[in-house]
Amino acid sequence: MERDEGTNVNEAGRPKREFMRRRGLPVVAGFGALAVALSLAACAPTPAEDTASDSSTADLDAFYDQELSWEACGADYAVTDDDEKLLGLVPDAECARLDVPLDYAEPEGELASVAVLRMPARGESLGPMVINPGGPGGSGLTGAIITAAGLVESPITESFDVVGFDPRGVGSTIPAADCYTDEEADAGTVALGSQGTTVEFTEDDTRAIMEKCAEGSGGIDALTHMGTRDTARDMDVLRAALGEDELTYFGQSYGTRLGAVYAEMFPENVRAMLLDGGRDPSEGTFESRVNAYAGFQAAFDELAASCATQPDCPLGTDPEQATARFQEIFQPLRDDPIPALETELDFDDAVGAMIAGLYNQASWPAIIAGITEVVTEGRGDQLMQLLYGFSPRSESGQWPNTPEANYAINCMDEERLTPEQGGELRTATYESAPFMDPGVDVTAGARDGCEHWPAEPTLGFPYAQDIEGLPDTLVVSITRDPTTPHEGGIRLAETLGSALLTVDGQGHTIVAQGMNDCVDAVAAAYLIDLEVPEEGATCTM
């Protein structure tokens, strides 16, 4: 299956956005952000057994002792032609393959092949800094390139090789999650999840999803080893293969979950761990989803207050009435879409565009202009453009497997919900984020897309609790983060005993952007010299 990280506004058309809507994924976020705005429910709430004890150290020696063979990053490390073009722009990048057991309980069995990319330090290297850009489902290969670019003038990239890897099920790692063809994606015929959406599933639908994903992803065994705990074990093998006794790690958004799980499983192997956009490890699926959407509503309210001070604000001059005004404008689009580019904009598209823009204040003018266009011209071109800017389909018709990997990983991580709980989640979602409310019964067909997943989940909630022997770590959290709330970052820091850097502002993740000298200085001091900020440390956006 060929996929692509790019997007083409004019050629993608209605099938593309219909596919995103039907899968309950109105926006795929950029790196360092939540990779899918509507994450899928999956796992059981009971803590899983620690699979680190499933095989002896001796059984894994061959994996830990392997040496990486670095080479030019060619087609073997790209799943799309756009990936190849990106790799061609960074000739200093080096790539390699890491062998790991598909099942750590059976190290003599089938292998998985993890794709790894290294951007060499610009100066004398202190060693590798392993990164994860978020998701789950974000490519660490692309993420390493973006991180190195964002920190191009930073002491961090002067001092560290930036190393990214595609986690289990993602991108160029083998096996990768593969649940549909590009043609099926274009046709909008495959749905992966229903939580937080109005998609109606039957039990046959959810069984068919699992079977189709198993067929395309290398079988049942592959599907059941795409969770975060398996990836954390891969990351420890990668640490050893990089020649390091201790890991220096930088994770954003979902990457903070991966980092916390690694810290729980291998605390003695951590040198430094910087977690940006932290997720609360004590929150289960239901609570975390609702809190995330409450964050989007808070961002919407902030946008509405800003808009109300401007002439001709399409949401009106009273911010308290902005949600009702948004519903008045866009709920009719459920039945009567309006022209947009070469397709049509409906209610779900409008919500997807809003979520895409609410990640960052820099997109607010585009949101306001798009709403104004709907009101004054009856067209949704600008909102569709905003939505397509976050969509994955390329001009040549390729799709990445980011949503499929997100689905598979969450099926091995999250809590599995009954249909009744799914309906409750949908209801709570729209109560917490009423601007998203479609104005119809949202409980019908609220089945969990993972209900027929062929294995119990392995993450367990809460995770990363009462860790002993973990060195100083650092959590960075923005006060008005729309998708990983600041309160979650505070609790992550408390759980890990981390230092906390609070950033006063709005947005999701900040460290690798090279746009805030205060944040960059704190991050560099920690990663390079292991200096943590004082209690109560803050920066301002």
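Quick look at the structure, then. Keep in mind the model is a prediction, meaning the values are calculated, not measured. Note on numbering: residues in each chain are counted from 1, in written sequence order. The model is predicted, so local features are restricted to residues of pLDDT at least 70 and side-chain atom pairs to those at 80 or more, both for listing and for counting; the totals for chains, interfaces and linings are taken over all residues. Values shown for side chains rest on all heavy atoms present in the structure; no hydrogens or waters enter the calculation.

### Notes on the overall build of the chain
Part 1 of the argument: Each helix corresponds to a stretch of at least 4 residues labelled H or I by DSSP, and each strand to a stretch of at least 2 residues labelled E; elements are numbered beginning at the N terminus. Looking only at helices and strands, the chain has 19 helices and twelve strands in total.
Part 2 of the argument: Every one of the 541 residues in the chain was classed for burial, and the buried ones make up 62%.
Part 3 of the argument: We call two residues in contact whenever any of their non-hydrogen atoms come within 4.5 Å of each other. Once local pairs closer than 6 in sequence are excluded, the contacts in the chain between residues at least 24 apart make up 79%.
Part 4 of the argument: We get accessible surface area from the Shrake-Rupley algorithm with a probe of 1.4 Å; when it comes to residues, only the shown protein chains can shield them. If you sum the accessible surface of the chain, you get close to 19400 Å²; carbon and sulfur atoms cover 46% of it. To sort residues, take the accessible area from a 1.4 Å probe on protein chains only and compare it with the maximum for the residue type: under 20% means buried, over 50% means exposed, and anything in between is partly exposed.

### Some points on helix H7 (residues 203-216)
Part 1 of the argument: Working rule for helices: expected span equals 1.5 Å times residues minus one. With 14 residues, H7 should cover 20 Å at 1.5 Å per step; its first-to-last C-alpha distance of 21 Å lies within 8% of that length.
Part 2 of the argument: Taken as a whole, H7 has its buried residues at Thr206, Ile209, Met210, Cys213 and Ala214. Each buried residue of H7 lies within a common arc of 125° when the element is viewed along its axis, so the set occupies one face. Turned more than 90 degrees away from the buried face of H7, the exposed residues are Asp204 and Glu215.
Part 3 of the argument: Buried residues in H7 make contact with helix H8 (220-223) and helix H16 (402-411).
Part 4 of the argument: Immediately beyond the C-terminal end of H7, within one or two residues, lies Gly218, with a positive phi of roughly 100°. Picture the helix axis, draw a direction to every C-beta atom, and the arc is the one those directions span.

### Regarding the pattern of salt bridges
Part 1 of the argument: When a carboxyl oxygen of Asp or Glu is within 4 Å of a side-chain nitrogen of Lys or Arg, the pair counts as a salt bridge. Inspection of every chain in the model, using the stated rule, returns 20 salt bridges.
Part 2 of the argument: Residue Arg207 is joined to Glu203 by a salt bridge in which the shortest nitrogen-to-oxygen separation is 3.5 Å. With Arg207 and Glu203 both in helix H7, this residue pair falls four residues apart, about one helical turn.
Part 3 of the argument: With relative accessibility at 30%, the residue Arg207 sits in the partly exposed group.
Part 4 of the argument: Of the charged contacts, one joins Arg257 and Asp413 as a salt bridge, the two residues approaching to 3.8 Å between their closest N and O atoms. On the criterion of sequence distance, the pair formed by Arg257 in helix H10 (residues 254-265) and Asp413 in the loop between H16 and helix H17 (419-432) is long-range, its members being 156 residues apart. Take Arg257 and Asp413: they sit in the same class, and that class is buried.
Part 5 of the argument: Taken together, the shared-partner salt bridges in this structure form one network comprising Arg257, Arg279, Arg289, Asp413 and Glu414.

### Overview of helix H15 (residues 381-388)
Part 1 of the argument: Judged by how many residues are buried, H15 sits mostly within the fold: six of eight residues are covered.
Part 2 of the argument: For H15, the full list of buried residues reads Asp381, Leu383, Met384, Leu386, Leu387 and Tyr388.

### A few points about empty space enclosed by the protein
Part 1 of the argument: Here a cavity means grid points, on a 1 Å grid over the protein atoms only, where a 1.4 Å probe fits yet cannot get out; a pocket means an open set of points with protein on both sides within 12 Å along at least five of seven lines; lining residues are those with an atom within 4 Å of a point. Grid points are joined across faces, edges and corners, and a volume is the space filled by probe spheres set on the points. As enumerated under the stated definition, the model contains three cavities of 30 Å³ or more in all.
Part 2 of the argument: By volume, the second largest cavity is sized at about 150 Å³.
Part 3 of the argument: Forming the boundary of the second largest cavity are 20 residues, of which Val79, Asp83, Ser139, Thr142 and Asp166 lie nearest the centre.
Part 4 of the argument: If you list the elements that add at least two residues to the lining of the second largest cavity, you get helix H3 (81-88) and helix H4 (140-150).
Part 5 of the argument: Here the residues of the lining of the second largest cavity sort into ten nonpolar, seven polar and three charged. The classification used treats Ala, Val, Leu, Ile, Met, Phe, Trp, Tyr, Cys and Pro as nonpolar, Asp, Glu, Lys and Arg as charged, and all other residues, Gly among them, as polar.

### Describing the pairing of strand S11 (residues 499-506)
Part 1 of the argument: Along S11, six of the eight residues are buried, which leaves the element largely enclosed by surrounding structure.
Part 2 of the argument: With the strands pointing away from the viewer, any crossover whose connection runs clockwise from the first strand over the helix to the second is right-handed. In the classification by handedness, the crossover that spans S11, the intervening helix H19 (residues 517-529) and the parallel strand S12 (residues 538-540) is left-handed.

### Examining the packing of aromatic side chains
Part 1 of the argument: Two aromatic rings, drawn from Phe, Tyr or Trp (for Trp, its six-membered ring), form a pair once their centres lie within 6.5 Å of each other, and the interplanar angle then sorts them: stacked below 30 degrees, edge-to-face above 60, tilted otherwise. For the structure on display, the rule yields nine aromatic pairs.
Part 2 of the argument: Taken together, a centroid distance of 5.4 Å and an interplanar angle of 85° make the contact between Phe296 and Tyr359 edge-to-face. Here Phe296, found in helix H11 (residues 285-308), pairs with Tyr359, found in the loop between helix H13 (347-358) and helix H14 (364-377); they are 63 residues apart in sequence, far enough to count as distant. Across the pair, exposure class does not vary: Phe296 and Tyr359 are buried alike.
Part 3 of the argument: A ring pair is formed by Phe461 and Tyr463, whose centres lie 6.0 Å apart and whose planes are at 65°; its orientation type is edge-to-face. Each member of the pair Phe461 and Tyr463 is classed as buried.
Part 4 of the argument: Here the aromatic residues Phe300, Phe326, Phe330 and Phe435 are joined through ring pairs into a cluster of three or more.
Part 5 of the argument: Whether a charge lies above a ring is judged from NZ of Lys or CZ of Arg, which has to be within 6 Å of the ring centre and within 35 degrees of the ring normal. Of note, Arg118 hangs over the ring of Trp70, and the distance from its end group to the ring centre comes to 4.0 Å.

### Describing the state of the cysteines
Part 1 of the argument: Disulfide assignment relies on a single distance test, namely cysteine sulfur atoms paired within 2.5 Å. Scanning the entire structure with this criterion turns up five disulfides.
Part 2 of the argument: With a sulfur-sulfur separation of 1.8 Å, Cys411 is cross-linked through a disulfide to Cys450. As the torsion about the S-S bond is roughly -75°, the Cys411-Cys450 disulfide counts as left-handed. Linking Cys411 in helix H16 with Cys450 in the loop between H17 and strand S10 (474-480), this pair joins segments that are 39 residues apart in sequence. The same class applies to Cys411 and to Cys450, which are both buried.
Part 3 of the argument: The residue that forms a disulfide with Cys518 is Cys539, at a sulfur-sulfur distance of 1.9 Å. The sign of the S-S torsion, about -70°, decides the handedness of the disulfide formed by Cys518 and Cys539: left-handed. Residue Cys518 is located in helix H19, and its partner Cys539 is located in strand S12; the two are separated by 21 residues in the primary sequence.

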